[in-house]
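Close look at the chain arrangement
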Amino acid sequence: MKIEESKTLFEKSREYFPGGVNSPVRAFGSVGGVPVFVKRASGSHIFDEDGNEYIDYVNSWGPSILGHACGPVVEAVREACLYGLSFGAPTRKELVLGTLIRECIPSMEMMRMVSSGTEAVMSAIRAARGYTGRDKIIKFIGCYHGHSDGLLVKAGSGALTESAPDSAGVPASYTQHTLLARYNDEDSVKKLFSEFPDDIGALVVEPVAANMGLVPPKPGFLGFLREITAKYGAVLIFDEVITGFRMGLGGAQGYYGVTPDMTALGKIAGGGMPMGVYGGRKEIMEVVSPLGKVYQAGTLSGNPIATTAGIATIRTLMEQPGIYSSLEEKAGKLVKTLKETLPETWVNQAGSLFSVFFTKDQVVDFDTALASDTVKYGTYFHYLLEHGIYTAPSQFEILFLSAAHTDEDIEKTCSIIKDAAGIIS
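Residues numbered from 1 in each chain as written. Predicted model: local features only at pLDDT ≥ 70, side-chain atom pairs only at ≥ 80, totals over all residues. Heavy atoms only, no water.

Let us now look at the packing of helix H6 (residues 186–195) against helix H7 (residues 221–232). Direction vectors running N to C along H6 and H7 enclose 5°, while the axes themselves pass 11 Å from each other. Judged on the interaxial angle alone, H7 and H6 are roughly parallel. Here Glu186, Val189, Lys190 and Phe193 of H6 come into contact with H7, specifically with Phe221, Phe224, Leu225, Ile228, Thr229 and Tyr232. Split by residue class, the contact of H6 with H7 holds 7 nonpolar, 1 polar and 2 charged. (Axes fitted to C-alpha atoms, helices over the stretch in contact; angles between N-to-C directions. Helix = DSSP H or I, 4+ residues; strand = E, 2+ residues; numbered from the N terminus. Parallel < 35°, antiparallel > 145°, perpendicular 65-115°, else oblique. Contact = heavy atoms within 4.5 Å. Nonpolar A, V, L, I, M, F, W, Y, C, P; charged D, E, K, R; others polar.)

Given below as structure tokens:
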């Protein structure tokens, strides 16, 4: 496989961008080698600057649930661009998208559009603090909620990729009110609430942990979080930036039947364009400016191009609900192959989300995820890449399917996974 053009572009990019990239995991830091520079994408495939073609299981980290360059989405965006890219004023499309979101996720009684998942979670926490009048929040070790200062504590995903769970440049005072619990560990949550019964304003969680690799919630865990936050008057926030519209039209909260007080969305909600949304119970959202004293604003929030892409994507998903069962079935085939052919691995799946860990022990939380052999993962990753399969360039990211993945794509991928087993010792 020739990657000369990617090598050239990477070297030049390192003169302009830290590490040559604009998001850390793209640098291939944890798997080694040179990142491929993508030139275009179509359906389930991406094509790099050297002309190589790959079956794509990254899917822009989740937004491309309908596949790359999906016709209805692209056409809607193309038409919207002719009318202007941004107005800084209300538009009908914001209302249309908001109506669709609330229809699918009824717990979002009132919402505010922003420009990223990071911004959505950050703003949801600010609103929760404003509503409760309490400063402290609980997050889970290994769960990533964006790069805002107060949440970049024992984060997963990109931070794990760089072997730096905590970030320099974040003053200790910014995180002094962030309390850490262990995912899937009820006792760790009970302990924090017993120590700070009147001080915790919110608990934020990825309902399916997806930034330490894929770690599903244990049966009853999300229900427990619902009960204990209600008991102590804290706001339960589901970070559904990844799971929203991915595990079903109702997100993870619909999939598991647990209703949070607030929800943060991103990725699919914008159909692949920069978009985030946070919302929840009306009485909480009414503390947000201009109704209340919690300030939050954004020049490009709810811009007409992102809302157009989101509308087209969600409408398609609503019209074709069978997409979800198809995605889960295809993921199941890949998971079955991984379990049967890769030695000493553990595979987790939730809906169509899945990931393989190079450890023989069950992965249920941050510590068990860290037991993975990242060197073996790097070997596995590069074998797949060289054979036309583009997967996450990090042990601690997850894989995404799209409606555009064909049975032929899945069969080819399964075949290459089986071949890969022979080179992993």
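Once that is clear, we can look at the environment of Gln296. Tracing the backbone shows Gln296 in the loop between helix H9 (282–285) and helix H10 (304–319). For the pair Gln296 and Leu225, spaced 71 residues apart in sequence, the C-alpha to C-alpha distance is 27 Å. Sequence-distant contacts of Gln296, that is, excluding residues within four places in its chain, are made with Arg112, Val114, Glu119, Ser123, Arg126, Tyr278 and Ser301. A polar contact is formed between the side chain of Gln296 and the side chain of Arg112, at a distance of 3.0 Å. Of the polar contacts made by the side chain of Gln296, one reaches the side chain of Tyr278; its length is 2.8 Å. (Polar contact = N/O pair within 3.5 Å; in protein donor to acceptor, adjacent residues only side chain to side chain.)

A few words now on the confidence of the model for the protein. Counting all residues, the mean pLDDT for the protein is 94, and 96% of those residues have values of 70 or more. The model gives residues 158–165 a pLDDT under 50, and that stretch makes 17 contacts with residues more than four places away or in other chains. (pLDDT = per-residue confidence, 0-100.)

Approximately 530 Å³ is the volume found for the second largest pocket. Along the wall of the second largest pocket there are 25 residues; nearest its centre are Glu94, Arg112, Met113, Ser301 and Gly302. Secondary-structure elements contributing two or more residues to the lining of the second largest pocket are helix H3 (92–104) and strand S4 (110–114). No other element matches the 5 residues that H3 contributes to the lining of the second largest pocket. Partitioning the lining of the second largest pocket into residue classes produces 10 nonpolar, 11 polar and 4 charged. (1 Å grid on protein atoms, 1.4 Å probe; cavity = no way out; pocket = protein on both sides within 12 Å on 5 of 7 lines; lining within 4 Å. Points joined across faces, edges and corners; volume = space filled by probe spheres on them.)

So, on to the nonpolar core. Judged by nonpolar contacts, the single largest core of 78 residues is most densely connected at Ile101, Phe245, Leu342 and Tyr380. Residue contacts for Ile101: discarding those within four places in its chain leaves Met108, Met111, Phe245, Leu265, Val277 and Ile314. In terms of nonpolar packing, the next biggest core, distinct from the first, is built from 29 residues, Phe140, Cys143, Val205 and Ile228 among them. (Core = buried A, V, L, I, M, F, W, Y, C linked by side-chain atoms within 4.5 Å. Buried < 20%, exposed > 50% of the residue type's maximum accessible area, 1.4 Å probe, protein only.)

Moving on: unusual backbone geometry. Along the chain, Ser289 connects to Pro290 via a cis peptide bond; the corresponding omega equals 10°. Mapping Pro290 onto the fold places it in the loop between H9 and H10. The backbone phi angle of Phe28 is positive, close to 65°, even though this residue is not glycine. Among the structural elements, Phe28 can be located in the loop between helix H1 (4–13) and strand S1 (38–42). With a relative accessible area of 1%, Phe28 lands in the buried category. Phi angles above zero are rare outside glycine, and Trp61 is one such case at about 65°. Along the polypeptide, Trp61 turns up in the loop between strand S3 (53–56) and helix H2 (71–81).

So, on to the environment of Gly169. Relative to the assigned elements, Gly169 resides in the loop between helix H5 (158–161) and strand S6 (178–181). By relative accessible area, which is 74% here, Gly169 ends up exposed. Separated by 26 residues in the primary sequence, Gly169 and Glu195 place their C-alpha atoms 29 Å from one another.

Here the focus is the sheet that holds strand S9 (residues 262–266). Pairing in this open sheet of 7 strands is mixed, and the strands run S4-S10-S9-S8-S7-S5-S6 from one edge to the other. The sheet is open, and its two edges are formed by S4 and S6, each paired on a single side. The mean angle between the axes of side-by-side strands here comes to 20°, regardless of whether they run parallel or antiparallel. As judged from the 4 bridges shared by strand S7 (residues 200–205) and strand S8 (residues 235–239), these two strands associate in the parallel manner. Among the inter-strand pairings, Val204 is bridged to a residue of S8, identified as Ile237. Against the sheet, H6 touches strand S5 (136–140), S6 and S7, its axis set at about 150° to S6. (Pairing = 2+ DSSP bridges.)

Attention shifts here to the side chain of Asp56. In this fold, Asp56 is placed in strand S3. The buried charged residue Asp56 lacks any salt bridge partner; its closest oppositely charged side chain belongs to Arg246, at an N-O distance of 9.4 Å. Within the structure, the side chain of Asp56 is placed 2.8 Å from the backbone nitrogen of Val58, a separation counted as a polar contact. In contact with Asp56, not counting residues within four places along its chain, are Ser44, His45, Ile46, His68, Tyr390, Phe400 and His405. (Lys, Arg positive; Asp, Glu negative; His and termini not counted. Salt bridge = Lys/Arg side-chain N within 4 Å of Asp/Glu carboxyl O.)

Using the criterion set out here, one finds 12 aromatic pairs in the structure. Where Phe28 meets Phe381, the ring centres are 5.2 Å apart and the plane angle is 85°; that geometry is what we call edge-to-face. Of this pair, Phe28 sits in the loop between H1 and S1 while Phe381 sits in helix H13 (residues 374–386), and the two are 353 residues apart along the sequence. Each member of the pair, Phe28 as well as Phe381, carries the same accessibility label: buried. For the pair Phe358 and Tyr380, a centre-to-centre distance of 5.3 Å together with 55° between the ring planes defines the contact as tilted. With a gap of 22 residues between them, Phe358 in the loop between strand S12 (353–357) and helix H12 (366–370) and Tyr380 in helix H13 connect regions that are remote in the sequence. With respect to burial, Phe358 and Tyr380 carry one shared label: buried. An aromatic cluster is defined as three or more aromatic residues linked by ring pairs; in this entry it consists of Phe140, Tyr183, Phe221 and Phe224. One Lys or Arg, Arg40, reaches over the ring of Phe47 and ends 3.9 Å from the middle of that ring. (Phe/Tyr/Trp six-rings, centres within 6.5 Å; stacked < 30°, edge-to-face > 60°. Lys NZ or Arg CZ within 6 Å of the ring centre and 35° of its normal.)

Moving on, we come to the state of the cysteines. Linking two cysteines covalently through their sulfur atoms gives a disulfide. Counted by the stated rule, this structure contains 0 disulfides. In this model Cys81 remains outside any disulfide bridge; the closest cysteine sulfur is found in Cys70, 16 Å from its own. (Disulfide = S-S within 2.5 Å.)

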